[in-house]
Amino acid sequence: MSTKAVNSRQKIRYRIRKKIAGSAQRPRLSVFRSNSDIYVQLIDDATGTTLASASSRDKDIKAQKGTKSEKSKLVGAALATKATSLGITAVVFDRGGYLYHGRVKNVADGAREAGLQF
């Protein structure tokens, strides 16, 4: 990725983070998308701790056949099941400066279908 693209995404990311913050009852669902994988975390910003995480590099998801977009949906569902086991039903979505399209949207859809509300 070029330096200009990284800097512009970083500006968008900071603009989003000014407006949203996660708490213990309603953590922030943060998305990071690399060229090959996608990572999601539930973050409590009050204490600065990660409550749960999932990625396309997890063994059960990596073993699945399919495109990166299909795996992104599985990542969202995996995070939602971890969240519900912790008693979390509502989250704040942080797209991390990426467009709400493609793999980022699939993570959100997978999490919604598995029971998270945002």
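Remember, it's a predicted structure, so these values are computed and weren't measured experimentally. (Residues numbered from 1 in each chain as written. Predicted model: local features only at pLDDT ≥ 70, side-chain atom pairs only at ≥ 80, totals over all residues. Heavy atoms only, no water.)

### What to know about the sheet that holds strand β1 (residues 28–33)
Here is step 1: With mixed pairing, the four strands of this open sheet are ordered in space as β3-β2-β1-β4. This sheet does not close on itself; its edge strands, each paired only once, are β3 (49–55) and β4 (92–94). On average, each strand axis in the sheet is inclined to that of its neighbour by 20°, with strand direction left out of account.
Here is step 2: As paired strands, β1 and strand β2 (residues 38–44) are joined by six bridges and run antiparallel to one another. Among the inter-strand pairings, Arg28 is bridged to a residue of β2, identified as Ile43.
Here is step 3: This element, helix α3 (residues 68–85), spans β1, β2 and β3 of the sheet and lies at about 145° to β3. (Pairing = 2+ DSSP bridges. Helix = DSSP H or I, 4+ residues; strand = E, 2+ residues; numbered from the N terminus. Axes fitted to C-alpha atoms, helices over the stretch in contact; angles between N-to-C directions. Contact = heavy atoms within 4.5 Å.)

### Quick notes on the nonpolar core
Here is step 1: Among the nonpolar cores identified, the biggest contains 22 residues, and Leu29, Val31, Val40, Leu42, Leu79 and Leu116 are the most heavily contacted of them.
Here is step 2: Broken down by secondary-structure element, the contributors of at least two residues to this core are β1, β2, β3, α3 and α4 (103–113).
Here is step 3: Ranked by the residues each element gives to this core, the list is headed by α3, at five residues. (Core = buried A, V, L, I, M, F, W, Y, C linked by side-chain atoms within 4.5 Å. Buried < 20%, exposed > 50% of the residue type's maximum accessible area, 1.4 Å probe, protein only.)

### Here we look at the pattern of salt bridges
Pairing is possible between side chains that carry opposite charge, provided their charged atoms lie close to one another.
Here is step 1: One pass over the structure, following the stated rule, counts six salt bridges.
Here is step 2: In this structure, Arg28 and Asp45 form a salt bridge, with 2.9 Å as the shortest nitrogen-oxygen distance. Residue Arg28 is located in strand β1, and its partner Asp45 is located in the loop between β2 and β3; the two are separated by 17 residues in the primary sequence.
Here is step 3: Look at Arg28 and you get buried, because its relative accessible area is 7%. (Salt bridge = Lys/Arg side-chain N within 4 Å of Asp/Glu carboxyl O.)

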